[in-house]
Amino acid sequence: MAEMHQIRLQIGPAAFRIASAWRQPLDQLAALYRDYPGPSDHMVDFTVRLEPDKPWRRYIRPSVHIGGDFWLPDAAPLPLAQGLLAAEMGMNLQMALGWRRHLLLHASSVEKDGRALIMTGLSGSGKSTLSAMLAQKGWRFMGDEFALLDLDTGDIAPFPRLISLKNQAIRAMQTVAPADRFGPEMTDTPKGDIRHLVPPKAAIDRMGEPARPALLLFPRFGHDPELRDMGQAEIFVRLTQASTNYVALGEAGFRALTRFVDQVPTRAMDYQSIEQAEELIERLWSRSP
Amino acid sequence: MSDQNFRLSTMTPKYRAGPKDDLIWHELDSMTLLFHRPSGNTHMLADPAPALLEVMDSGLLTAAEIATRLKARFDVESGADTDDIISARLEELAALGLIAREAG
């Protein structure tokens, strides 16, 4: 077997080993994760492997196949120039399919005064961009992909991995975030144009600090600004759809999610611009208990 | 037993609830959530299905007997429709595996 390079990363409660047939994606990861501590011991929760699609493709038009402890058989290989994206997708996949210590919600989260705002919605809802933008405006960034709901305490644990900016969000964030926090721009990926943004240093330094969930939003981009109440039944169903491990957690997941729905005020939020969303969020936040 | 009685008894199914510990109940604003421990499935039920489960126990009961219990405990309108609705909901609960159904 050909030599594999590797790097270990600690992101919130999860420790990863990324092994790659090529140095380039790992060098990019090392640069972007420079502010993160390595895992405290040599144990890792997950391994992600970036390997040639076919043996000769290590050198000729290199093509990256994502492997690891958990994997999808039909995940299409990516060109080597998108190896960083492959690593990030691989880490997300391990969490989505393998994590059992929290109820995983496909959601972004930010914190202020010890209280967490959680935003969930379909791809394109703007939850990732909103969390990245709020992180530049006095909120602590906790994650743009997964909110980790503690099964015992009901708190949200941070998982502040790199922020994955897509298409127009790249331009929007370049106006507010320091230039040295951006990764390489990857164009024409399966998800469009992608550029990673390193979360603010304070978010990384405090990635072991959970926060109490105080507000849940379902943002929807492209509609007249409006806040709407939602019924608990709809909230519960949509959160089970937003969770990658609700079924796997069984009774513990049911108890955690029902408590969350009982306790966390929730609104649907329509908006047409980041500024509108910020205004609506600040208005809600100032009234939340 | 006459032929007619025999036919009637085989056509009247009876229903029985599982052990109370099998279900975790949680009330939402408009629906009732039930977590079914043996299967790990979560069910979201609208009225009157949760009330049917509440009046049932481990004894085998016909739909008519369950309807009588329901009317004693809850404010239920009487009528032919009510019995049909209860029978239909019982069949659904049995199909979900939340109650057992036995031919009469």
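As the structure is a prediction and not an experimental result, all values here were calculated from the model. (Residues numbered from 1 in each chain as written. Chains lettered and ligands numbered in written order. Predicted model: local features only at pLDDT ≥ 70, side-chain atom pairs only at ≥ 80, totals over all residues. Heavy atoms only, no water.)

**Student:** I'd like a description of the overall build of chain A, backed by residues and values.
**Tutor:** In terms of helices and strands, chain A carries nine helices and 16 strands. At 19 Å, chain A has a C-alpha radius of gyration in line with the 19 Å of a compact globule built from 289 residues. Overall size of chain A, expressed as C-alpha extent along the three principal axes, is 60 × 45 × 35 Å. Scored against the burial criterion, the 289 residues of chain A give a buried share of 55%. If you take every contact in chain A between residues at least 6 apart in sequence, the share linking residues at least 24 apart comes to 69%. Accessible surface, chain A: about 12,400 Å² in total, of which carbon and sulfur atoms supply 52%. Each charge sign in chain A was given a centre, from 33 positive and 34 negative side chains, and these centres are 2 Å apart. (Helix = DSSP H or I, 4+ residues; strand = E, 2+ residues; numbered from the N terminus. Rg over C-alpha atoms; globule rule 2.2 N^0.38 Å. Buried < 20%, exposed > 50% of the residue type's maximum accessible area, 1.4 Å probe, protein only. Contact = heavy atoms within 4.5 Å. Areas by Shrake-Rupley, 256 points an atom, 1.4 Å probe, with all protein chains shown as cover. Lys, Arg positive; Asp, Glu negative; His and termini not counted. Charge placed at Lys NZ, Arg CZ, Asp CG, Glu CD.)

**Student:** Help me get a handle on the pattern of salt bridges, residues and values and all.
**Tutor:** Scanning all chains against the criterion turns up 29 salt bridges over all chains. We note a salt bridge from Glu-282 of chain A to Lys-112 of chain A, for which the minimum N-O separation is 3.7 Å. Residue Glu-282 of chain A is found in helix H9 (residues 274-287), and its partner Lys-112 of chain A is found in strand S6 (residues 102-112); the two are separated by 170 residues along the sequence. Its relative accessible area of 33% is what places Glu-282 of chain A among the partly exposed residues. Between Glu-92 of chain B and Arg-89 of chain B there is a salt bridge whose closest N-O contact spans 2.8 Å. Here Glu-92 of chain B pairs with Arg-89 of chain B, and both are found in helix H4 (residues 80-96), just three residues apart, close to one helical turn. Of the residues examined, Arg-89 of chain B reaches a relative accessible area of 25% and is grouped as partly exposed. (Salt bridge = Lys/Arg side-chain N within 4 Å of Asp/Glu carboxyl O.)

**Student:** Give a description of the interface of chain A and chain B that names residues and reports values.
**Tutor:** With 13 residues of chain A in contact, the opposing surface of chain B contributes 13 residues. At the boundary of chain A with chain B, the tally comes to one salt bridge. Arg-37 of chain B is paired through a salt bridge with Glu-251 of chain A; the nearest N and O atoms lie 2.7 Å apart. Viewed at the interface, chain B and chain A are joined by four residue pairs in polar contact (both at pLDDT 80 or more). For the side of chain A that touches chain B, the secondary-structure elements that each account for two or more residues are helix H6 (232-242) and helix H8 (251-263) of chain A. Residue contributions to the side of chain A that touches chain B peak at six residues, all from H8 of chain A. Of the residues in the side of chain A that touches chain B, the class split is six nonpolar, four polar and three charged. (Polar contact = N/O pair within 3.5 Å; in protein donor to acceptor, adjacent residues only side chain to side chain. Nonpolar A, V, L, I, M, F, W, Y, C, P; charged D, E, K, R; others polar.)

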